[in-house]
Amino acid sequence: MNGLKKIPFFLFLLVLFFCLHGSVENYGYLFIDEVVKTGAVILLCIAVFLGFIWLLTKNIRFASLLTFFVSLWYLFFGAIHDLIKTTPFLYFLQPYAVLLPVLLVVNLLFIRWLKRNKQLYPKMVLYLNLLFIIFCISDGILLVNKHVKYKEEPVAASVIFDQAKVKTKPNVYFLLFDEYAGYKSLRDSFGFKNDSLYNFMQEQ
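Residues numbered from 1 in each chain as written. Predicted model: local features only at pLDDT ≥ 70, side-chain atom pairs only at ≥ 80, totals over all residues. Heavy atoms only, no water.

Caption draft 1: Seen up close, the packing of helix α3 (residues 32-57) against helix α4 (residues 60-75). Following both chains from N to C, one finds α3 and α4 inclined at 140 degrees, their axes separated by 9 Å at the closest point. Classed by the angle they form, the pair α3 and α4 counts as oblique. Crossing hand, α3 versus α4: right-handed. Contacts between α3 and α4 involve Ile42, Ile46, Phe49, Leu50, Ile53, Trp54 and Thr57 from the former and Ile60, Phe62, Ala63, Ser64, Leu66, Thr67, Val70, Ser71 and Leu75 from the latter. Classifying every residue of the contact of α3 with α4 gives 12 nonpolar, 4 polar and no charged. (Axes fitted to C-alpha atoms, helices over the stretch in contact; angles between N-to-C directions. Helix = DSSP H or I, 4+ residues; strand = E, 2+ residues; numbered from the N terminus. Parallel < 35°, antiparallel > 145°, perpendicular 65-115°, else oblique. Left-handed = near helix turned anticlockwise from the far one by under 90°. Contact = heavy atoms within 4.5 Å. Nonpolar A, V, L, I, M, F, W, Y, C, P; charged D, E, K, R; others polar.)

Okay, structure coming up:
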C-alpha cells in the first residue's frame, strides 16, 4: 500500500486504460501492433514531459500529478469536447476559441492548487493508482468478453467481371459520397439543409 502512495503508477495505467478503452470501443477494427505502438509513443511522450517538469520542480509527486492532468486532457479531449457539445448548459464552451483559453486557465489554476496542497499528494497518488487499476481491470474484462463473443464477418466472394462483354455504358450511376455527412447531420450540426442535392436526385 505504501508503494501505491508513493509511486505514480497511474501515469502508466492512464496509457494502458486509454489503449484498452479504445480497443473495447473499436474491437475488430484495430490490430494489436497498432495499439501497442500507439501506447508506446504516448508513454514516451509522457515520460519526457514528466522528466522536464521534474527537472524544473525537483518534486516527483507534483510533476507526476501535473503530467497526469495534462495527459488526461490531451488523451480524452475528443470525448470531453463531445460531452460539452451534448450538454446544454456547457454548450457555450464548444467553440475552440472559448474552450482552449478556458483549458489553459484551468491548468494554471490546477498548478496553483497543487502547489498549495502538498499534504494531499500521497492521498491523490493512492486514489489515482487505485482508480485506474479498477478502470484497467474493468476494461480488460470487457475486452476478453468481446473477444469471446466476437464473430468475424465472412468475406464476400469476389465477382469476376468481364469488361469485354460491356459494349455500351449502362444508364446506371453509382454515387459514392466519401465521408459525406447525411441530411440530418448537416442540418443539426452545421445548420445547412442540402435540399438542392436531394431535389436533383429525386428529379433524376
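So much for the structure itself; the text now carries on.
Caption draft 2: The arrangement of the packing of aromatic side chains in detail. Taken as a whole and assessed by the stated rule, the structure comprises 12 aromatic pairs. When the ring of Phe18 is compared with that of Phe76, the centres are 5.7 Å apart and the planes differ by 80 degrees; the resulting orientation is edge-to-face. Taken as a pair, Phe18 in helix α2 (residues 10-25) and Phe76 in the loop between α4 and α5 (77-86) lie far apart in primary sequence, 58 residues in all. An aromatic cluster is defined as three or more aromatic residues linked by ring pairs; in this entry it consists of Phe10, Phe17, Phe18, Phe68, Phe76, Phe132 and Phe135. Positioned above the aromatic ring of Trp54 is the side chain of Lys58, whose terminal nitrogen or guanidinium carbon lies 5.0 Å from the ring centre. (Phe/Tyr/Trp six-rings, centres within 6.5 Å; stacked < 30°, edge-to-face > 60°. Lys NZ or Arg CZ within 6 Å of the ring centre and 35° of its normal.)

Caption draft 3: Spotlight on the nonpolar core. In this structure, Phe10, Leu65, Phe68, Leu114 and Phe132 are the most contacted members of the largest nonpolar core, which totals 31 residues. Elements with a contribution of two residues or more to this core: α2, α3, α4, α6 (96-116) and α7 (121-149). With residues up to four places along the chain from it excluded, the contact list for Leu65 reads Phe10, Phe110, Leu114, Tyr121, Met124 and Leu128. (Core = buried A, V, L, I, M, F, W, Y, C linked by side-chain atoms within 4.5 Å. Buried < 20%, exposed > 50% of the residue type's maximum accessible area, 1.4 Å probe, protein only.)

Caption draft 4: A nonpolar patch on the surface, seen in detail. On the surface, a nonpolar cluster with roughly 940 Å² of combined accessible area is contributed by Tyr173, Leu175, Phe177, Tyr180, Phe190, Phe192, Phe200 and Met201. Along the polypeptide, Phe192 turns up in the loop between α8 (183-190) and α9 (195-203). Exposure remark for Phe192: the relative accessible area of 44% places this residue in the partly exposed category. (Patch = residues over 30% accessible without salt bridge, like charges linked within 9 Å, V, L, I, M, F, W, Y side chains within 5 Å. Areas by Shrake-Rupley, 256 points an atom, 1.4 Å probe, with all protein chains shown as cover. Salt bridge = Lys/Arg side-chain N within 4 Å of Asp/Glu carboxyl O.)

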